[in-house]
Each structure stands twice: as structure tokens, then as C-alpha cells.
Amino acid sequence: MKKIIFTIMALLVVTMSQANDLPVYLDDTKPLEQRVEDALQRMTLDEKIAIIHAQSKFSSPGVKRLGIPDLWTDDGPHGVRPDVLWDEWEQAGQTNDSCVAFPALTCLAATWNPEMARIYGENLGEEALYRGKNVILGPGVNIYRTPLGGRNFEYMGEDPWLASRIVVPYVQGLQSKGVAACIKHYALNNDEEYRHQVNVIVSDRALQEIYLPAFKAAVREGGAWAIMGAYNLYKDQHNCHNQYLLNRILKQDWQFDGVVISDWGGAHDTEQAVKYGLDLEFGTWTDGLAFGTSNAYDNYYMAQPYKQLIQEGKMTTQELDEKVRRVLRLHFRTTMNRNRPHGFLCSESHYAAALKIAQEGIVLLKNDAPKGAQPVLPLDANKKQRILVVGENAIKMMTVGGGSSSLKVQKEILPLDGIKARFANAEVDYARGYVGDTVQSYNGVTVGRSLYEMRSKDELISEAVEKAKTADVVIVVGGLNKSDYQDAEGHDRKSYDLPYAQNELVEALVAVNPRLVFVSISGTGSVLPWINKVPAVVQGWFVGSESGEAIANVLAGDVNPSGKLPFTWYADLNQCGAHAMNAYPGVWREGQQIIDEEYKEGVYVGYRWVDKQKAKPLFPFGYGLSYTTFSLGKATADKKQITANDQISFTVSVTNTGNRAGAETVQLYVSDKKASVDRPMKELKAFQKVYLQPGESRDVTLTIGRDALSFFDEATGQWKAEPGTFEALIGTSSQNLPTKCSFELK
Ligand code: BGC
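1. Topic: the overall build of the protein chain
Turning to step 1, where the next piece is worked out: Regarding its fold elements, the protein chain presents 19 helices and 30 strands.
Turning to step 2, where the next piece is worked out: Taking 746 residues into account, the globule formula puts the C-alpha radius of gyration at 27 Å, and the protein chain, at 26 Å, falls close to it.
Turning to step 3, where the next piece is worked out: Taken over the C-alpha atoms alone, the protein chain extends approximately 85 × 65 × 60 Å along its principal axes.
Turning to step 4, where the next piece is worked out: Counting over 746 residues, the protein chain shows a buried share of 63%.
Turning to step 5, where the next piece is worked out: Accessible surface for the protein chain amounts to roughly 27,200 Å². Of this, 49% is attributable to carbon and sulfur atoms.
Turning to step 6, where the next piece is worked out: Positive and negative side-chain charges in the protein chain, numbering 79 and 90 respectively, have mean positions lying 4 Å apart.

2. Digging into helix α8 (residues 213–220)
Within an α-helix, residues lying three or four positions from one another point in the same direction, as the helix has 3.6 residues per turn.
Turning to step 1, where the next piece is worked out: Of all eight residues in α8, six are buried, a share of seventy percent or more.
Turning to step 2, where the next piece is worked out: For α8, the full list of buried residues reads P213, A214, F215, A217, A218 and V219.
Turning to step 3, where the next piece is worked out: In this structure, the buried residues of α8 make contact with α6 (160–175), β4 (180–186), α7 (204–211), β6 (226–229) and α9 (243–253).

3. Quick word on the sheet that holds strand β11 (residues 386–390)
Turning to step 1, where the next piece is worked out: Taken together, six strands build an open sheet; the order of strands is β10-β17-β16-β15-β11-β12 and the sheet is mixed. The open sheet is flanked by β10 (363–367) and β12 (427–431), the only strands paired with a single partner. Strand-to-strand twist across the sheet, computed as the mean angle between neighbouring axes with direction ignored, equals 20°.
Turning to step 2, where the next piece is worked out: Each of β11, β12 and β15 (473–479) is contacted by helix α14 (residues 415–422), which is oriented at about 165° to β12, the strand it contacts most.

4. Describing the site of the ligand
Turning to step 1, where the next piece is worked out: The full set close to the ligand counts 14 residues, and D75, R151, H185, Y231 and D263 are the nearest of them.
Turning to step 2, where the next piece is worked out: Here an oxygen atom of the ligand sits 3.2 Å away from a polar atom, N or O, in the side chain of R81.
Turning to step 3, where the next piece is worked out: Between the ligand and the protein, one listed contact pairs an oxygen atom with a side-chain N or O atom of R195 at 3.3 Å.
Turning to step 4, where the next piece is worked out: Summarising the interface, the protein chains cover 94% of the accessible area of the ligand, which totals 310 Å² for the free molecule.

5. Some remarks on the pattern of salt bridges
Turning to step 1, where the next piece is worked out: The tally for this structure, following the rule as stated, stands at 62 salt bridges.
Turning to step 2, where the next piece is worked out: Two residues, R455 and E453, come together in a salt bridge whose shortest N-O distance is 2.8 Å.
Turning to step 3, where the next piece is worked out: The exposure class of R455 is partly exposed, given its relative accessible area of 34%.
Turning to step 4, where the next piece is worked out: We note a salt bridge from D611 to K682, for which the minimum N-O separation is 2.9 Å. Note that D611 is positioned in helix α19 (residues 607–613) and K682 in the loop between β24 (662–672) and β25 (683–692), a separation of 71 residues in sequence.
Turning to step 5, where the next piece is worked out: For D611, a relative accessible area of 6% gives the class buried.
Turning to step 6, where the next piece is worked out: What you see here is one network of salt bridges that share partners, running through R386, E392, E427, D429, R432, E453, R455, E463 and K467.

6. Quick look at the nonpolar core
Turning to step 1, where the next piece is worked out: Counting residues in hydrophobic clusters, the biggest one holds 122 residues, and the most contacted among them are I183, Y186 and L328.
Turning to step 2, where the next piece is worked out: A per-element tally of this core places α6 first, with eight residues.
Turning to step 3, where the next piece is worked out: The residue makeup of this core includes at least three contributed by each of domain 1 (28–333) and domain 3 (629–746).
Turning to step 4, where the next piece is worked out: Those residues in contact with Y186 that lie beyond four places of it in its chain are L212, F215, I227, M228, G229, A230, N239, L245, L246, I249, L250 and W254.
Turning to step 5, where the next piece is worked out: Counting residues in each nonpolar core, the second largest holds 82 residues, with C107, V428, V534 and A536 among its members.

7. Regarding the sheet that holds strand β30 (residues 739–745)
Turning to step 1, where the next piece is worked out: Taken together, five strands build an open sheet; the order of strands is β22-β30-β29-β24-β25 and the sheet is mixed. Edge positions in the sheet fall to β22 (641–642) and β25, since each has one partner strand and no second.
Turning to step 2, where the next piece is worked out: As paired strands, β24 and strand β29 (residues 724–731) are joined by six bridges and run antiparallel to one another. Looking across to β29, one finds that Q667 is bridged to G731.

8. Regarding the packing of helix α13 (residues 348–361) against helix α17 (residues 547–556)
Turning to step 1, where the next piece is worked out: With their axes 9 Å apart at the nearest point, α13 and α17 run at an angle of 45° to one another. Considering their axes alone, α13 and α17 lie oblique with respect to each other. Classified by chirality, the crossing of α17 by α13 is right-handed. Within the contact between the two elements, α13 uses L355, A358 and Q359 and α17 uses E549, A550 and N553.
Turning to step 2, where the next piece is worked out: Residue classes in the contact of α13 with α17 are distributed as three nonpolar, two polar and one charged.

9. Looking at the state of the cysteines
Note: disulfide means a covalent bond formed between the sulfur atoms of two cysteine side chains.
Turning to step 1, where the next piece is worked out: Scanning the model with the defined rule gives zero disulfides in all.
Turning to step 2, where the next piece is worked out: No disulfide involves C99; its sulfur sits 6.5 Å from that of C346, the nearest cysteine.
Turning to step 3, where the next piece is worked out: Not part of a disulfide, C240 finds its nearest cysteine sulfur in C182, a span of 10 Å.
Turning to step 4, where the next piece is worked out: A relative accessible area of 0% means that C240 is categorised as buried.

10. Describing the side chain of H238
Turning to step 1, where the next piece is worked out: Looking at the element boundaries, H238 is found in strand β8 (residues 237–238).
Turning to step 2, where the next piece is worked out: If near-sequence neighbours (up to four positions away) are discounted, H238 is found in contact with H196, Y231, N232, L233, G266 and H268.

11. Here we look at the pairing of strand β16 (residues 516–521)
Turning to step 1, where the next piece is worked out: Counting buried positions along β16 yields six of six residues, so the element is predominantly enclosed.
Turning to step 2, where the next piece is worked out: Alternating residues of β16 divide into L516, F518 and S520 and V517, V519 and I521, and every residue in both groups is buried.
Turning to step 3, where the next piece is worked out: Pairing between β15 and β16: six bridges, direction parallel. If you follow V476 over to β16, its bridge partner there is F518.
Turning to step 4, where the next piece is worked out: Following the backbone out of β15, through helix α16 (residues 502–512) and into the adjacent parallel β16, one traces a crossover that is right-handed.
Turning to step 5, where the next piece is worked out: Here β16 pairs with strand β17 (residues 536–539) via four bridges, running parallel. In the strand pairing of β17, V519 is matched with V538.

12. What to know about the packing of α6 against α8
Turning to step 1, where the next piece is worked out: Packing of α6 against α8 leaves a shortest axis separation of 8 Å and a crossing angle of 25°. Taken together, the axis directions place α6 and α8 in an arrangement best described as roughly parallel. For the pair α6 and α8, the sense of crossing is right-handed. Here α6 contributes P160, A163, S164, R165, V167, V168 and V171 to the contact with α8, which in turn contributes P213, A214, A217 and A218.

13. Thoughts on the packing of aromatic side chains
Turning to step 1, where the next piece is worked out: Applying the stated rule across the entire model yields 27 aromatic pairs.
Turning to step 2, where the next piece is worked out: Within the aromatic cluster, the residues linked to one another by ring pairs are Y144, W541, F567, W569, F619 and Y623.
Turning to step 3, where the next piece is worked out: Residue placement shows K57 over the ring face of W89; its charged tip is 5.0 Å from the ring centre.

The rules behind the values
Residues numbered from 1 in each chain as written. Predicted model: local features only at pLDDT ≥ 70, side-chain atom pairs only at ≥ 80, totals over all residues. Heavy atoms only, no water. Helix = DSSP H or I, 4+ residues; strand = E, 2+ residues; numbered from the N terminus. Rg over C-alpha atoms; globule rule 2.2 N^0.38 Å. Buried < 20%, exposed > 50% of the residue type's maximum accessible area, 1.4 Å probe, protein only. Areas by Shrake-Rupley, 256 points an atom, 1.4 Å probe, with all protein chains shown as cover. Lys, Arg positive; Asp, Glu negative; His and termini not counted. Charge placed at Lys NZ, Arg CZ, Asp CG, Glu CD. Contact = heavy atoms within 4.5 Å. Pairing = 2+ DSSP bridges. Axes fitted to C-alpha atoms, helices over the stretch in contact; angles between N-to-C directions. Near = heavy atom within 4 Å. Polar contact = N/O pair within 3.5 Å; in protein donor to acceptor, adjacent residues only side chain to side chain. Salt bridge = Lys/Arg side-chain N within 4 Å of Asp/Glu carboxyl O. Core = buried A, V, L, I, M, F, W, Y, C linked by side-chain atoms within 4.5 Å. Domains from an automatic or database assignment. Parallel < 35°, antiparallel > 145°, perpendicular 65-115°, else oblique. Left-handed = near helix turned anticlockwise from the far one by under 90°. Nonpolar A, V, L, I, M, F, W, Y, C, P; charged D, E, K, R; others polar. Disulfide = S-S within 2.5 Å. Right-handed = clockwise from strand over helix to strand, strands pointing away. Phe/Tyr/Trp six-rings, centres within 6.5 Å; stacked < 30°, edge-to-face > 60°. Lys NZ or Arg CZ within 6 Å of the ring centre and 35° of its normal.

In short, the description is geometric, and any link to function would need to be established separately.
Take a look at the structure:
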């Protein structure tokens, strides 16, 4: 009966629209859902099956007969990946697919500035439009659970609130251009090693409080049009077809109306894919290496095998129609959106955005004065001096490598070149210092100068030491790189130490020249055993096309650093909950290809664990210095008591007490003084970055509501704020919170 009514209604829709000439689905003055239903009922079974799986490495078909074009996806998330061939991973060899590389998402998170995320999304969206991409595979918001995680650099740090505030404007900025964000990797893909086999075991509280909030924010507040299922498993189901994560939480609880896209090769079974929430299948059988046939798209789990089950009456078309609706919605939002601008590639404005974000994200970690002189940084660019730059990362392109986020850039300014250009009055010399990975190509994109080097480690160190003896300042540009087992997809780091004998190099250099600056190029922390001897350390991230310029501008003080760490920089691995609890990388199940990884540290991730252990990390979450100084006044609250539906605001004055303009980020952490469950000592719930001239003061007001006081109650499956006393701890890093206010929740 329902079916008959529906068919009559659909026929009516068509007839009515024919009266206006334009079919409803093509009429963008009509409500989206009406257009979706209209298109859906015009489609044949074959057309429906076709649009829910890929037709090439990165595209899925539209409906030609109805004028709905193909859907093109592309990585993501730091720039638009170069085109590969239709059914191969090889480069298509286009001459117009070079892009601007924006800073890696860790750097974006380190800006602590949602406005930077909006600019990021908008600029990337324009590049995607020009390149004809409808979906950008990103951003990634998996939580930084261990510093060994291979893809930490592609994510937004350890804290769910910070990641949420950054992901929302990124998504909105991107989608304002008519390009869909595809939030990844949903969910619990917090490390890379054995990512296809890991079955995560995690408490509901940790899932809801730590691992899901950024995804939820991207969906509920950002309005993301697509999300990518992760490779790993949860509750013994693959996350690309997972009843609990996809059907229950994402689609039911969060009311997600967009498309669940599989990670490439993340679907494993037709029935499960159909039932457990997958909408659009990509990458199956296409690795082209160990398995797979050419152009095997018909063999996809949601292709012929699915059609057959329907034809044999083993499945109805109910789930199919639901998937098709979602995919159609995505088309109307992107490929069929007539108001999309055209976009442009490699424009000056995109480079300017990349530079601005990079400069706001770079973190000054240490800046002491050797032997009581001035702090080493900033370096005076007008001075005639001898600068020695050391290290492979000064001459290595970092936009190439690391996995699917690898790019083909039109330009990447290397640190050495940036420093030479900015310090034109100085004599800038270079020594290699160490050899890391000399490969300068990835997936067929070869770039940069040759990194060929035959000298031994000792020869390289002694050359650098000799040159350092007569230099006024030594800048070591080191850290990690995008090679396997470093900051790269597919594996995790094997150790938390700096690779390639860099520690030996730094120790030798600082012994002959105490004016040493270490610039770390990486997406995560490392042990820095020489930290007490080296006066200046800068976290330079992977900042994309404008790397060299951004780094040089910070070193020269043209830019006053204002980035803050989006993760805890542990002194050693034991300060990290996952490692201290021996809860990484998990335990193989006997006789099975599954590794159970139990997140035994629960909600105690990052600073939450450090607080609990009263540990002293090398650099705490939220920490970063400036070339000026700031002072905070005493915070005041606008209320002493609140009820569950109230908001409460805290105001604190911030003064720039130094003699340079700069920015400080005021951070508010909530502490629940007494709770029925074990809660972290404090949790970040609000922050704001303020820009101040020397001597200028400004009041910063931070407002929170009931959400900020709640924990996830496992017994009821609800968020709960318990009456009682709370404290708002306010300051400039998770370990510098000089002013606080108490208040009561009634
Ligand atoms: C990665 C995704 C990526 C996809 C397409 C997968 O291996 O995990 O992040 O978007 O490939 O390149």
C-alpha cells in the first residue's frame, strides 16, 4: 500500500514538474529533498547500483541519462592531489595538476585560530573547483593517541575540543565553495600499524568524550556532506560497515544526511556493506599490486553482487534507495550546484593563505639566552653575520611522500632557500650534517634537488662542526620526514627518538657553538635529550608551499610566533597513557588476522594522563612562546551559580608586557571538583587568541554552558552534568593556569 501511494505521489511530482517544463530534480528553486525523490524515482536499478560505487580510482558515475555528471573525489587534506590514471595508481602526467600545498593539519590546529581554518577550507575549495574535484578526502580528525602514530601530522592533535573548533570552520569554508568535505577516518583509526586488522576496544566514555566529538562537530555544526569509514574494526566489525558507528551513532543519533564513503579498499562484504551503513564504495580490488583485476568495478561488493542479491529477492531495494538518496543529495550539493564558482589554481591569494596559516602555526618552544646574553631568537636580519644551516630537512621537500596526502606542488620554498633570501645581509653556509632518506619522489612525482650523499656519518658531523666553530649562529633543520615509519601513512614510527643520528649531531654542534637553534620539521614530538644545552627550539611542522619563507620570517622576527602545541610533547613515551598502560599496538588474536587494541588508558589521553600522573612533559599541551611577553589579570565570572540551561562567562584581561606586537591564546579548562565517576583533573572547554600591540590590554571573555561540564554517563548512554562545584582554570597553556573561578551547578 505504502509503495502504491509513494508511486502515485512520485507520478504527481513528475506531472506537475512537466507542467513547468523543468523536471523537479533539475529545478534548484525546489527543496533539496523533493529533488532527491524526483531523481530517485526516475532511476533504473542499474543506474542506482552504478552511483553507489566507484568507476575509477577516484570517481563514481552520475546518471548520464538524467544529466547528473560524474562525481570526482581527491585527497586531501593539505592540497589537491595530482591526478592518477583511470584505473592505476600511476600519475596521469597532467601538466595542470600542480597545486598549492597548505600546512599540514597539525600546524593548522597549532594556530588555535578557527579563522585560519575557515581560510584554509575556502582556499583549498577554490583549488579543488579548478581541478574539477567535488569531494576532498579530508580533513582528518583522529585523535593523537600516541606520538608514534604515522598519520598524526594529518590530524588536529590530542584534544577533542580543539579539534572540534578547528574542523568546523574548515568544513564550512570548503563547502561554501560547493566542494564536499569528507571527514576521515571514522572512527578510532588512531594509529597506522596493522590498520586493516586492528579491532579497537574502548569504553563508551572514552569513545564519546575523546574520540568522537570532533567527528560529531564536523557533522552537526560543520554540516559535513560526506564522511569516510576507517579501515580498522570496532566491536569486531569493519568501520566501513559498522552497525554501531555508522547506523546507530552517525545516522541515527547525529542525524547525518550525507554520504558514508569507504576508505579505499575498506569494504569487505556485500551484505554488511548494505546493512551497516556504507553508501559509496571506493578502492575495492584496486590496489593493483597483490590482488585485483583491471577495471574490476563491477565486482565491487556494492555492484553486481548486490544487484544479484536484489534480483534473487534476497534483498529489497529499501537500503539501496536510502544509499541512492544520500548520493543524490551529495550531487545536488556539489556537481549539480549551479551556483558554484569556477575556482582557480595556484593563485597569489592561495599562497598568501598558506603563508599566513603557516606563520600562525609555527611554535616557539624554547628561546633562552646563552651565557646571559640576549635570547637567540629573533635573529637580526640587518646584521652582517655568518649563519650556518645544517640538516637534510633544510633541503628536502616535504610535500612529497607520507601517503595519500602527498602532493605535486607548483612551488615549495625550502628552509635553506627561505633563510638565504631573508638573511641576504648574512653569509649563509650549509652543511648536510646527517643523511635521512634521499628519495625525493613519491607515487611518480619527483621533485626538488638531488639529495645524493656518499659521505659517512662521522664525515658529515665533522664537516658541520668545523663550520659551526666560526659561525655566529647555527640553525639545525631536522626532525622527521615523510618516509615510511616516520610521518607517513601505513605504518607507525618504530621509536620516539629522533632518527638518523641527529642527536649526536646536535650534541657535537652545541659543544662548539652554544648559539644553536633547532628547527623541528615533523607532525609529532620526539625525545630531545639535549634540550637543556640547546637554547632555542622551533616547531616548524610540515608547512607546505611556503615553508622556507614562513620559517625564515619567524626566525627573523618579522612574524612573532603565536602557535601553541595541539598535543603534549612527552619527555619520553612513558608519559603517554597508551604506552604507560602497555596498550599499544595490541595483541594478536590466536589464529586470526585480528589484533585487539584495548584503549586501557580510557579518557586519559594526552594532558589528561599527564595531569593524573603529575608528570612533567617536555612541553605541555597548549604551550608556545612569543618574542613578547603577556600577563593575565584575575579572572572574574558573571555568575556564582548556574542551572543546567544557563551559560557562564569568564573575563580576564590580557596585557602585552613586552615591546613587540604579538598574540596570546587564552585557554579555559574546566575541573569538576567532585563527580560520581573518575574524571580528568581538567579539560579544555574554551579558548581565544588575541592580538595585542606592545603595552595594549584587552579583556577576553570565554563562555561555556552545560556541555562543558558534562561527562558521558555509560549507564544511561546520555551526557550528564552533575550538580556541584566546578572550577574554570584560565591561562596560557595546560600547565600555566594562573587564575581560576569557582562556580556551582545547581
Ligand atoms: C587513505 C585515505 C585516502 C584514500 C584515497 C587511503 O589509503 O587511508 O585517507 O583518502 O586512501 O587515497
